[in-house]
Every structure is written in C-alpha cells, then in structure tokens.
2 protein chains.
Amino acid sequence: MSSPKTRTRIQEKNRARVLEAALDVFSRHGFRGATLDEIATEAGLSKPNLLYYFVSKEEIHVTLLEGLVDTWLDPLRDLDAGGDPQEELLAYVRRKLQMSRDLPRESRLFAQEIVQGAPRMKDGLATDLKALVDEKAEVLRGWSAAGRLAPVDPHHLIFSIWSLTQHYADFDVQVRAVLGEGREPIDEAEVFLDALFRRVLAP
Amino acid sequence: MSSPKTRTRIQEKNRARVLEAALDVFSRHGFRGATLDEIATEAGLSKPNLLYYFVSKEEIHVTLLEGLVDTWLDPLRDLDAGGDPQEELLAYVRRKLQMSRDLPRESRLFAQEIVQGAPRMKDGLATDLKALVDEKAEVLRGWSAAGRLAPVDPHHLIFSIWSLTQHYADFDVQVRAVLGEGREPIDEAEVFLDALFRRVLAP
DNA sequence: CGTGCCCTTGACCATTTGGTCAAAAAGAAA
DNA sequence: TTTCTTTTTGACCAAATGGTCAAGGGCACG
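Caption draft 1: Looking closely at the packing of aromatic side chains. In this structure the tally under the stated criterion is ten aromatic pairs over all chains. Seen in terms of ring centroids, Tyr52 of chain A and Tyr53 of chain A are 5.0 Å apart; in terms of plane orientation they differ by 80 degrees. Their pairing is edge-to-face. Among the residues examined, Tyr52 of chain A registers a relative accessible area of 59% and is labelled exposed. Linked through ring pairs, Phe159 and Trp162 of chain A together with Tyr168 of chain B together constitute an aromatic cluster. The ring of Phe31 of chain B carries the charged tip of Arg120 of chain B above its face, separated from the ring centre by 3.7 Å.

Caption draft 2: View of helix H10 (residues 185-201) of chain B. Between the first and last C-alpha of H10 of chain B there are 23 Å, a value that for 17 residues agrees with the 24 Å anticipated at 1.5 Å per step. If you check which residues of H10 of chain B are buried, you get Pro185, Ile186, Glu188, Ala189, Phe192, Leu193, Leu196, Phe197, Val200 and Leu201 of chain B. Taken end-on, H10 of chain B shows its buried residues confined to a sector of 165 degrees, consistent with a single buried face. Summarising the contacts, the buried residues of H10 of chain B are in contact with helix H8 (154-170) and helix H10 (185-201) of chain A together with helix H5 (85-102), helix H8 (154-170) and helix H9 (172-179) of chain B.

Caption draft 3: Region of the structure containing empty space enclosed by the protein. Tallied over the full model, the rule gives six cavities of 30 Å³ or more. Here the largest cavity is characterised by a volume of approximately 120 Å³. In terms of lining residues, the largest cavity is bounded by 14 residues, among which Trp72, Leu73, Phe110 and Leu129 of chain A together with Gln174 of chain B are the most central. Breaking the lining of the largest cavity down by element, the ones donating at least two residues are helix H4 (57-77), helix H5 (85-102), helix H7 (122-145) and H8 of chain A. With four residues, the single largest contributor to the lining of the largest cavity is H4 of chain A.

How each quantity is defined
Residues numbered from 1 in each chain as written. Chains lettered and ligands numbered in written order. Predicted model: local features only at pLDDT ≥ 70, side-chain atom pairs only at ≥ 80, totals over all residues. Heavy atoms only, no water. Phe/Tyr/Trp six-rings, centres within 6.5 Å; stacked < 30°, edge-to-face > 60°. Buried < 20%, exposed > 50% of the residue type's maximum accessible area, 1.4 Å probe, protein only. Lys NZ or Arg CZ within 6 Å of the ring centre and 35° of its normal. Helix = DSSP H or I, 4+ residues; strand = E, 2+ residues; numbered from the N terminus. Expected span 1.5 Å × (residues − 1). Arc of directions from axis to C-beta. Contact = heavy atoms within 4.5 Å. 1 Å grid on protein atoms, 1.4 Å probe; cavity = no way out; pocket = protein on both sides within 12 Å on 5 of 7 lines; lining within 4 Å. Points joined across faces, edges and corners; volume = space filled by probe spheres on them.

Next up, the structure:
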C-alpha cells in the first residue's frame, strides 16, 4: 500500500547526492561525529532540503548501511562449492581486496559501525551475515574433510580473509605511513596475500 | 623549568580516573562522538572539575593516544634478532593477541583514530612507528635471506600480524555474532593463528 | 588554629546540533 | 495560462556541547 516506491527524477538524484555525501562524512567521522550541516554542504543542499529527502540523520545512516551489507557479502556469495577449493578462496581474497581498492569509504563506514558496537546493525549481523557465513563455512569444512583444503577452522579462515583485505582500506593511513611514499599498498598486498593464502590453504 | 612533573596524590588519582573514563567513551564513540559530560559522569567528576585536570577534550584524547603508542609497540620491540625466526614471530603474534584480549578498548581507540585518518597522531606514525617497523623489517629480511624464514615482504608480514590479531578486539561484535554464543573467539584464534603462521613463516 | 594553596562546583555562556515550519519558488499537467 | 504538486529555503527552536569563572570547601603545614 504505502510502498515508498515511486520516486521523481529529482528525488532519485538528490537522494543519491545525499547518500554520496553522507558516505564521505560518516566514513570520516563516524555516526555521532558527523553533522547534518557537513553532509548538506557536501551534498550541495540546504539542511532543511536534505531533511526533505530523509527524515533524520539516523535514516541516512541506516539507508547507507543497508545498501552496504549486500555489496559486502556478494563476493562471499560468489564462492562456488563446485569449484576448486584453493582457486575459489584465492579468488575470494582477490575480490575482497578489490573492494578495499574500489570502495574504501564503504569499508571504513562498515568498520566504524562494527568498532562502535554495531548499534545500528546488530540484527543483520546475527541473522543474514551469520547465515551466509555458516553456509559457506560448511562448504569449507567439506573441502577440508575431503582433503582438498587445509584442515583449518572455516569461520576463522573467513575472518582472516576479511581482516587481511579490509586492513588495507581501513588502516590505509597507517599502512602508507609505514611503507613510505612511492609504494602502492594494495598492489603489493595482492602479491603478498596470494602467496600467504596459497601456503595456508594447501591441504 | 615549567616541567609538569610534580603531581599531588589527588591529581595523580583523578587524572587516572579521567583517562580511564575517557578511554571507555572515546573507544565507544570516537573523538567527535564523545562528550565531556559523558566522560565526566563516568569518571565521577563534575565537568568543570574534569577541566581542572585537563584543559580540553583534545588534551585528554592526545594524552590517551600518546600513552598508548608505546604500549602498542612494545611487543614488536621485544622481537629478538638473535632468536629463532619462527619462534620469535609466533611469540609476537601471541603477545599481540594477548593485547586484544587484555586491552580491547585501547585497540579500538587506536583503530578509530587510524580509520578516521589519524588526525591527532599522523606524525607519530610516519616517524616513531615507521622507524621501528623499518628496523624490524630489516631483521626479517635478513632471516629470509638466510633461508630461516619464508621469503615474504617483511612489512606486509607485520601488517598481517597486526590485522589478524587486532581484528579480534576491533571487530569483536561481528566475530561473536557470526560464531554464535558459547565460543570464545580469542581462545580459538590462538590455535588458528598459530597454525596459520607456522605455514606462512616456514622457509 | 590560622593561613595559603589545592580542589570542587553552581551558574553561566556562546556555539553547534538535529530538527521544524510556513511560505516562496519551480515543475508538471491541463 | 492556470492549477496543483513537488522542491527549496530563511527563520526559528530547544537541547546539547565545549568551555569559563568566581566563589566556596578542604587540606596541609607552620
């Protein structure tokens, strides 16, 4: 009945501008640290105008987060139980690293939400996320049992992939500070992580 | 001359209480998201009283961060160039994981500062941190060259240790949500990471 | 026990913040 | 062009925020 479907061209465009600006601001300062003024300015709208498209600061944040979860899990969904275990997992690592390269703000937004205790998405974690991870963990367990993959805890293996790839987006400043100028962190990470996981995954 | 050394017992005690409370609040909400009122309340002091011990919100944050850097790097300093490569590095992993267990708030405070671009500690990163890491990276390179350690990029190896261990403090909510109740993430991580790094480090 | 210093606080302040509202401006439809 | 709806905004508001200040309370020490 009251499905919020039909959107004007203007609505479509301005909501997108708001979300784009909000992604920038939220990912830099976290939810509490972000201000509507800053988002509005960066979106090129007045504050009341911004609140014409989203009823509250929280709605913007939640909208952003919701849109993000799927994007975030897609690479894991693509893991094919019918494929070659090592190649499937190495491809997953590559896809996740690619996301750190292409969507660093999204990664940091996500990271901040989790670090701060995920007050606005705990449900999603314990349901959707857990369900998908459990499913894929079962696949990994099967591979291990069949001797096609090292006998490692599948959940922690998945954590290790998340952690190692997202690190290059979330801790970018630190990584660059330590490596010094002239080095391209993620290019190097691609080589490093490929070698690392080849060793880790071999049966 | 104007060294801020001599501190009353009361000063010592109340500064400590403030820092303790601030650690809690900053690690939960980040710098901008934290409020003096919240810190004051949690410290059991009035706001003006709090500002008697620290001149500003920023000074509290900086004090916290400064005190943290050393603690954070100590485990790496302990890496002994004279020891057995694999055992030295595995011990480093264990020490870092122990810090995730014992000092999760400190880890999250640190993480938030980095994720937000390290506006209050960029210098420290590019100087102190880089210097120590470069030094230890040289040790690792030597080990690799001598065939006592896998031939991996030493900087990225160190990043991988940071990332994999701190993940269990910083992303605790997510890890627990995915694992479900009744599992002790860091206990499991100890086993998992030991196995992982044995494979990664072997020459 | 008095004196001087350290500590504490209630009252206060300017600014910022998330959010409202009525009215004007700009489209869209006729 | 007229009418009706969608967008946009200036003015406004209550609450929160970082921070100040003068005055009162406590404590140590002679």
